[in-house]
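Structure at a glance
Residue-level listing of the chains:
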There are 4 protein chains.
Amino acid sequence: MRQVVPTKSPPLPPKKESDQKKDAAKLIISLSPPSSLKIGVLGCTGSVGQRFVLLLAQHPFLRLHAVGASSRSEGKRYREAVRWKQDRPMGDHVGDMVVRACRAVEFADCDVVFSGLDSDVAGDIGASASRNSSRPTSPSSPMPKTIVKTRSVRSLSRGLLVCNSNCAVIGLVLPLAGLQSAFGPITSVSVVTLQALSGAGYPGVPAADLVDNVVPFIQGEEDKLESEARKILGQLDHERVAILHQLSLRVSATCNRVPVQDGHTACVSLSFQRRPPPDAAACRDALRRYVADVQTLGCPSAPVPPIFVLDEQDRPQPRLDRHLGNGYAVSVGRLRADESGVFDIKFTALSHNTIIGAAGSSILNAEAAVLKGYI
Amino acid sequence: MRQVVPTKSPPLPPKKESDQKKDAAKLIISLSPPSSLKIGVLGCTGSVGQRFVLLLAQHPFLRLHAVGASSRSEGKRYREAVRWKQDRPMGDHVGDMVVRACRAVEFADCDVVFSGLDSDVAGDIGASASRNSSRPTSPSSPMPKTIVKTRSVRSLSRGLLVCNSNCAVIGLVLPLAGLQSAFGPITSVSVVTLQALSGAGYPGVPAADLVDNVVPFIQGEEDKLESEARKILGQLDHERVAILHQLSLRVSATCNRVPVQDGHTACVSLSFQRRPPPDAAACRDALRRYVADVQTLGCPSAPVPPIFVLDEQDRPQPRLDRHLGNGYAVSVGRLRADESGVFDIKFTALSHNTIIGAAGSSILNAEAAVLKGYI
Amino acid sequence: MRQVVPTKSPPLPPKKESDQKKDAAKLIISLSPPSSLKIGVLGCTGSVGQRFVLLLAQHPFLRLHAVGASSRSEGKRYREAVRWKQDRPMGDHVGDMVVRACRAVEFADCDVVFSGLDSDVAGDIGASASRNSSRPTSPSSPMPKTIVKTRSVRSLSRGLLVCNSNCAVIGLVLPLAGLQSAFGPITSVSVVTLQALSGAGYPGVPAADLVDNVVPFIQGEEDKLESEARKILGQLDHERVAILHQLSLRVSATCNRVPVQDGHTACVSLSFQRRPPPDAAACRDALRRYVADVQTLGCPSAPVPPIFVLDEQDRPQPRLDRHLGNGYAVSVGRLRADESGVFDIKFTALSHNTIIGAAGSSILNAEAAVLKGYI
Amino acid sequence: MRQVVPTKSPPLPPKKESDQKKDAAKLIISLSPPSSLKIGVLGCTGSVGQRFVLLLAQHPFLRLHAVGASSRSEGKRYREAVRWKQDRPMGDHVGDMVVRACRAVEFADCDVVFSGLDSDVAGDIGASASRNSSRPTSPSSPMPKTIVKTRSVRSLSRGLLVCNSNCAVIGLVLPLAGLQSAFGPITSVSVVTLQALSGAGYPGVPAADLVDNVVPFIQGEEDKLESEARKILGQLDHERVAILHQLSLRVSATCNRVPVQDGHTACVSLSFQRRPPPDAAACRDALRRYVADVQTLGCPSAPVPPIFVLDEQDRPQPRLDRHLGNGYAVSVGRLRADESGVFDIKFTALSHNTIIGAAGSSILNAEAAVLKGYI
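Residues numbered from 1 in each chain as written. Chains lettered and ligands numbered in written order. Predicted model: local features only at pLDDT ≥ 70, side-chain atom pairs only at ≥ 80, totals over all residues. Heavy atoms only, no water.

As a further point, take the overall build of chain A. Tallying secondary structure elements over chain A gives eleven helices and twelve strands in all. Taking all 375 residues of chain A together, 63% fall into the buried category. If you take every contact in chain A between residues at least 6 apart in sequence, the share linking residues at least 24 apart comes to 74%. When the accessible surface of chain A is totalled, it reaches about 13,500 Å², and 52% of it is carbon and sulfur. (Helix = DSSP H or I, 4+ residues; strand = E, 2+ residues; numbered from the N terminus. Buried < 20%, exposed > 50% of the residue type's maximum accessible area, 1.4 Å probe, protein only. Contact = heavy atoms within 4.5 Å. Areas by Shrake-Rupley, 256 points an atom, 1.4 Å probe, with all protein chains shown as cover.)

Written out as structure tokens, the structure is:
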């Protein structure tokens, strides 16, 4: 299993030699990106699925080829199946597509399949993919070459498996990775999020709960944020430092839902292992200088810079800053010393939850996989 | 200088003996509350001032007698001077009152003067009050007996001085006081707030900044929250523990503005000095058992309980819970162990910022002062 | 079938003599209201049902005795069955009640049953009630004495049937009734509403549809508003004018959903039959002088006045004015001549959709029925 | 004085022959648009000014050359002077521009000057322009060639004067023009608007007024909407029909403010002179077939189609549809017969108030003026 995340240090586990050779071969083969890859999108009617449709409409070489959804939508034209909630039109091309069932065999003509699914239906194609992966692909069981999922990872018979994390975690992890790459391990993090509606899908949160109100709870979100942040950061450090007690990284999360359409805000406080810790100016500089692997690779959707460091005292704000880097960047503001001494520094980070937090990350991963020759 | 806050342990500094005698005398005198005290409200047109008007309209013995505002409003009837933004009518009584200038002499016929002012105009009457306080009150310089201010404390020639804190701090301090009274010192606190609009007054925050948005910054608020929490908690512990290194209490605050009319939400993480720390169930119990001094004293506006501990996993919510205890209570929910180990426990607290966070606190203080015989 | 609506002229159809005698008898019997009537509420978990619970908690003689809901809730304690979304606590009394099934037999111990149901479950008890009504009530088929429904009317074996209208119509009809009673028939009305969330129940409208957005459509609402307004106004005029071509009253409605918790706003334009039409000042006066039957009867929940005429140029506003008359009143503002000549006058009306628009109307009807001796 | 509006029928008054010759000459000269025109923007820090900056950043031949604002901003870099509230970055080019005073002489190096000003500062440059226009331009009094204002029209010494209308009127007038061009005169219109925040500028409406609320009043807006709609429609018909009693067109407007960032919604009811009136299907067809002059001219920003007719029953919605045609189009939905008989048809129209309602209209006008050779 391989995982690619859009960060400076790809969190690849140590490879077996045979794998590495295979990769090298692939890299040689695919030095020039393919003129066009056929893309399938599972869960195409959901909020992440819709974002995939929008992002792929403008992509240089990933071309939307097939869309899948639940049996309720199967067989309908996409424009009839979807309740389109994006602020830009879907385009006639996809509107006329007939929605397929979310079964692996239905996407055998795709080079890469993205999933906007959280759960059940995703499980189906994942399961069939997993079963297939334990034996050689036979002509009678055609499979898409790659599934890039937003939440979980499964093995396929061929191609690469790429995973994404929880939609809130990237806004936390990217700045942390930037700081760790400059100043070494972070030991403790406290993060309180103010998360957008689109993270809950549609219909999601009732308006009755978010007019003149906030909801101080998101089911399962805090656990995911804590565990996935540690996992990704552990992987990130793994390559860099021979022996790292990353288990010593502690992440404490509290998640709130606020009446914002898109863009998760994270109020982050953290401490470094290094004594004395870097000051705020040094941290801002480190984040500004941070270069992501996807950028170095030349991924066409990679934002430059990957992290926008904002100096205005009241930024980042979801409505104003979620589109920075076309939604592929994370913006960081209010980076300041924690004068109280509870932590070393504090900052506020913002990330577009359905772009860099979900669909955009999958696209970056696919771009990286292509450029590295894995596809 | 005496300070009364609506908590179990009144943060009174050790008194000189002569003072204590005087107090005792007063207490004897005022065992029965006066049938009616004449109340003045400075800054009557602002959001806190309007809240004073609403709360006093229903009060058993504090009777609104005079209202003061800036020179722009002076001489107008209250209903013409104010842009009334409360969801209940002001009442004809106050609507017909003529607004006075915010000069001390204008309120000489009041027994107690409350201030809903933040700054300049408040300064005027405060200054004149302070100057007067250095010498005996003469007939030619009539003064109101007491000024109860929402932000600062000043000495007057007679009567008691009572202070309130920042409108966000009470929602933090009351649960902390409850926990400290049961489990001893808290050593570190990290608090992230989601604060309501009315805390910024009117016109306050433009709607353009809070539709589909949150603002991750409130000018000066974090400093106030950090310093006032430490100050109040220090005082609270002072009586209880002979020697207390309360300076070792560290409070780290981050403040956000969210599109909520009333009710500040605080996401709180904290650690105790005691090892092992109390578990979540013990903490919930302690908060449920907490009794505030104002309650023991029999203050008519004192909420019972002062802290509502909610078990629902998605509470407290501003719209649903800010009216608990008629807005005089603090509600606490999601009290849980911090499994990450960064802190001991985490919880979410909610307080009505213009009631218990401002006008209501002043009223409780005044009630306490009356019942203790200070007025 | 009898209908009572909270207006000056009860829209009773001409009665048969025998009925009138019976009524007179009842009136004599019930000159003094009962010390307490046992009330059942169907659909107790919905937004109208929750409003019934709140309003009955403070009622002088209607006492909440039983609550009913769908089979999903049956047998649970109310506090477990309901997702309480009101901004005041439900109270322990009702919280401990066990939810009954919505079958007539379950409410046989109630004097009056209110329904907060729109549809299916309501149909059950309605149907069984209707069936029973065709024959004398037998001991083996115990029935509640009265069902007061919010939407439809059905006959019962004994007692009175009282109907309410669509939750938006009362805010339109009450001012129209006031104007017609003073100036004679209105011939054409154009109304555009901005309706609150609670009218759609819970979960109702997704927040994704109402953050930075309005929805210019409410399924079925415009038809209801047009037909029910004509029906009620026709009835109102019926008593007053011997022969009235009220079918000539034309009502054109457009309904929008806006991000407001409670309170439907209606922008109304209308023309009178009378030439020249009354001017704006005369219309304001007529509305101010309007007296509702429920007020004359002495219904304890009847607001005085039933219509608040506001002079401020930017009122009524939902947040500020929906509680006028404890939510039982309609507020009217911006009453002005239509200088364009398209209509005679224009105004904006506001009504609390779950109080006077639903539960409150039922309560007024029940109070009236009691005071008139129908119950 | 000439006026250009982005509609099928340019509302030009009958021209004197000499003028017509001059126009013809200009048209010949400018058959090919200039490679680049230097544009100035007055009121560059306001919400319309910011929209000009965004729209010009992507324009093929209108190049932002100078920005002007009040004396408070004069001499500062744009990025320091402005409180940027757009959801896309301003760009470095304009961020570094030094803000000029709003005096005519300061913009003498511009080919066209747009104004985002409502009032005072705009008056200055207008006044100086007007004074200059009474005499030949001298080298000592350099003037920008053209001022394209959003609200008012003034004569300049050379070039063309182009006017825009109230930001809400275009969403009403464009569909009306489309219907009139197909079916002849409209006799009466009733329009109720739900208008966006950005129409009030910044800071504009306080959030306290629009959280859980709508405001049923916008100062001066109804008069403007009524009078400007009649004026523009009168002009539109003037060319088409020899004798038109357009004064008989009556427009009745009611304006509300709702918590929407951008996009004015208009609920429109209207009647035609023609009996029988066209049915809804015919009206939808007519709007779909409508072609605007700016489109025929080949204006690069002209949307195709100018009117999007939507068939979904719950559209248009501000968040979803305001960007249709890049914000230069008007979308119309819910076009239906008025079954009540009060009017002939009803529909809901949506327009982006700072694009087609303000800055975009100016840009279209300038494009048209260039393509017609007036500049």
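The rest of the description comes next.
Moving on, we get to the interface of chain A and chain B. Frequently, the measure chosen for interface size is the accessible area removed from exposure when the parts meet. The interface is formed by 48 residues belonging to chain A together with 48 residues belonging to chain B. Roughly 3,700 Å² is buried in total at the junction of chain A and chain B, and carbon and sulfur atoms are behind 53% of that figure. It is Asp212, Pro216 and Arg334 of chain A in chain A that bury the most area against chain B; as a group they hold 16% of the surface buried on that side. Across the salt bridge formed by Glu222 of chain A and Arg334 of chain B, the nearest N and O atoms sit 2.7 Å from each other. Inspection of the chain A/chain B interface yields 28 residue pairs in polar contact (both at pLDDT 80 or more). Among the elements of the structure, β7 (186-195), α7 (221-240), β8 (250-257), β9 (264-272), α10 (318-321), β11 (330-337) and β12 (345-351) of chain A are those that each provide at least two residues to the side of chain A that touches chain B. It is β8 of chain A that provides the largest number of residues to the side of chain A that touches chain B, a total of seven residues. Residues of the side of chain A that touches chain B, tallied by class, amount to 20 nonpolar, 15 polar and 13 charged. (Buried area = accessible area lost by both parts, 1.4 Å probe. Salt bridge = Lys/Arg side-chain N within 4 Å of Asp/Glu carboxyl O. Polar contact = N/O pair within 3.5 Å; in protein donor to acceptor, adjacent residues only side chain to side chain. Nonpolar A, V, L, I, M, F, W, Y, C, P; charged D, E, K, R; others polar.)

Looking now at unusual backbone geometry. Of the consecutive residues Tyr202 of chain B and Pro203 of chain B, the connecting peptide bond is found in the cis state with omega at 5 degrees. Note that Pro203 of chain B resides in the loop between β7 (186-195) and α7 (221-240). For the bond running from Val304 of chain D to Pro305 of chain D, omega is -5 degrees, close enough to zero to count as cis. Counting through the fold element by element, Pro305 of chain D comes out in the loop between α9 (293-297) and β9 (307-309). The phi angle at Arg334 of chain B is positive, at roughly 55 degrees, despite the residue not being glycine. Inspection of the secondary structure assignment puts Arg334 of chain B in strand β11 (residues 330-337).

Bringing the relation of the copies chain A and chain C into the picture now. Note: a rotation about an axis with an accompanying shift along it relates these two copies of the chain. When chain A is fitted to chain C, the best match, at an RMSD of 0.0 Å, comes from turning it 180 degrees and sliding it 0.0 Å along the axis. Interpreted geometrically, this transformation is the action of a two-fold axis. Across chain A, the rotation axis passes nearest the C-alpha of Ala207 of chain A, at a separation of 1.8 Å. Both copies present the same face, since 100% of the interface residues in chain A are matched by interface residues at the equivalent positions in chain C. (Least-squares fit on C-alpha atoms with pLDDT ≥ 70 in both.)

As a further point, take the interface of chain A and chain C. Listed per partner, the contact involves 13 residues of chain A and 13 residues of chain C. Counting the surface lost from both chain A and chain C, the interface buries some 1,200 Å², and carbon and sulfur atoms represent 61% of this. When the buried area of chain A at its contact with chain C is split by residue, Ala207, Val211 and Gln261 of chain A rank highest and sum to 37% of it. In this assembly, chain A and chain C are joined by ten residue pairs in polar contact (both at pLDDT 80 or more). The residue inventory of the side of chain A that touches chain C, partitioned by class, reads ten nonpolar, one polar and two charged.

Residue and element names in this part refer to chain A. Feature annotation in UniProt assigns "active site" (unreviewed entry) to the following positions: Cys167 and His264. Spatially, the listed residues are clustered: although they cover 98 residues, their C-alpha atoms lie within 8.4 Å of one another. Topologically, Cys167 is positioned in the loop between β6 (161-163) and α6 (169-183). Take Cys167: its relative accessible area is 7%, and that puts it in the buried class. You can see His264 is positioned in strand β9. Contacts of His264, omitting those with residues within four sequence positions, involve Cys167, Ala168, Leu194, Gln195, Ala196, Gly199, Arg257, Ala349, Leu350, Ser351 and Asn353. (UniProt positions renumbered as here; feature names shortened; annotations may be inferred.)

This brings us to the sheet that holds strand β8 (residues 250-257) of chain B. Strand pairing in a sheet relies on backbone hydrogen bonds. The paired strands run either parallel or antiparallel. Residue and element names in this part refer to chain B. In spatial order, the strands read β8-β7-β9-β12-β11-β10; together these six strands make up an open sheet with mixed pairing. Pairing within the sheet leaves two strands with one partner each, and these edge strands are β8 and β10 (307-309). Within the sheet, the average angular offset between the axes of one strand and its neighbour, ignoring direction, is 20 degrees. Taken together, the six bridges between β11 and strand β12 (residues 345-351) define a ladder with antiparallel strand orientation. Bridge assignment links Val332 to a residue of β12, and that residue is Ala349. Strand contacts of helix α8 (residues 280-289): β9 (264-272), β10, β11 and β12, with the helix running at about 165 degrees to β11, the strand carrying the most contacts. (Pairing = 2+ DSSP bridges. Axes fitted to C-alpha atoms, helices over the stretch in contact; angles between N-to-C directions.)

Right, let's get into the relation of the copies chain A and chain B. Between chain A and chain B, the superposition needs a rotation of 180 degrees and an axial shift of 0.0 Å, giving an RMSD of 0.0 Å. Of the interface residues in chain A, 100% have counterparts in chain B that sit at the interface too, so the contact is made through matching surfaces.

What follows is about empty space enclosed by the protein. Where empty space is left becomes clear once a probe the size of a water molecule has been rolled over the atoms. According to the stated counting rule, one finds 18 cavities of 30 Å³ or more in the structure shown. Counted as a void, the largest cavity has a volume near 190 Å³. Grouping the constituent residues of the lining of the largest cavity by class yields 14 nonpolar, no polar and four charged. (1 Å grid on protein atoms, 1.4 Å probe; cavity = no way out; pocket = protein on both sides within 12 Å on 5 of 7 lines; lining within 4 Å. Points joined across faces, edges and corners; volume = space filled by probe spheres on them.)

Moving on: the state of the cysteines. Overall, the coordinates contain zero disulfides over all chains when judged by the stated rule. Cys167 of chain A carries a free sulfur, and the closest cysteine sulfur to it, the one in Cys255 of chain A, is 9.2 Å from it. (Disulfide = S-S within 2.5 Å.)

Here we take up helix α2 (residues 47-57) of chain B. All names here are of chain B. For α2, the buried fraction is high: ten of the eleven residues fall into the buried class. Along α2, the positions that sit buried rather than exposed are Ser47, Val48, Gly49, Gln50, Arg51, Phe52, Val53, Leu54, Leu55 and Leu56. Buried residues belonging to α2 abut β1 (37-42), β2 (62-69), α3 (78-81), α4 (92-95), β4 (112-115) and α11 (355-371).

A separate point is the packing of helix α2 (residues 47-57) of chain D against helix α11 (residues 355-371) of chain D. Residues and elements named next belong to chain D. Packing of α2 against α11 brings their axes to within 10 Å, and their N-to-C directions diverge by 50 degrees. Judged by the inter-axis angle, α2 sits oblique to α11. Of the two elements, α2 crosses α11, and the hand of that crossing is right-handed. Facing α2, whose interface residues are Val48, Arg51, Phe52, Leu55 and Leu56, α11 presents Ile355, Ala358, Ala359, Gly360, Ser362 and Ile363. Per-class residue counts for the contact of α2 with α11 are eight nonpolar, two polar and one charged. (Parallel < 35°, antiparallel > 145°, perpendicular 65-115°, else oblique. Left-handed = near helix turned anticlockwise from the far one by under 90°.)

Here the structure, examined in full by the defined rule, presents 64 salt bridges over all chains. Among the salt bridges present, the one from Arg288 of chain A reaches Asp311 of chain A, with a minimum N-O distance of 3.1 Å. Pair noted here: Arg288 of chain A is in helix α8 (residues 280-289) and Asp311 of chain A is in the loop between β10 (307-309) and α10, with a separation of 23 residues, a long-range link. A relative accessible area of 37% means that Arg288 of chain A is categorised as partly exposed. Between Glu222 of chain D and Arg336 of chain C there is a salt bridge, with its nearest N and O atoms 3.2 Å apart. You can see Glu222 of chain D sitting in helix α7 (residues 221-240) and its partner Arg336 of chain C sitting in strand β11 (residues 330-337), one on each of two chains. Each member of the pair Glu222 of chain D and Arg336 of chain C is classed as buried.

Our next topic: helix α6 (residues 169-183) of chain D. All names here are of chain D. Compared with the 21 Å implied by 1.5 Å per residue over 15 residues, the 21 Å span of α6 between its first and last C-alpha is a close match. Most of α6 is tucked away: 13 of the 15 residues are buried. One or two positions beyond α6, positive phi appears at Gly184, with a value near 80 degrees. (Expected span 1.5 Å × (residues − 1).)

On to the domain arrangement of chain A. Residue and element names in this part refer to chain A. When the domains of chain A are assigned, the result is domain 1 (37-164 + 360-372) and domain 2 (167-356). On the domain 2 side, the residues contacting the 17 residues of domain 1 number 18 residues. Approximately 1,600 Å² of surface area, both sides summed, lies buried where domain 1 meets domain 2, with 60% of it carried by carbon and sulfur atoms. One can count one salt bridge joining domain 1 with domain 2. At the junction of domain 1 with domain 2, the criterion picks out eight residue pairs in polar contact (both at pLDDT 80 or more). Put simply, the parts of the chain that give the side of domain 1 that touches domain 2 at least two residues each are α2 (47-57) and α11 (355-371). Ranked by the residues each element gives to the side of domain 1 that touches domain 2, the list is headed by α11, at seven residues. (Domains from an automatic or database assignment.)

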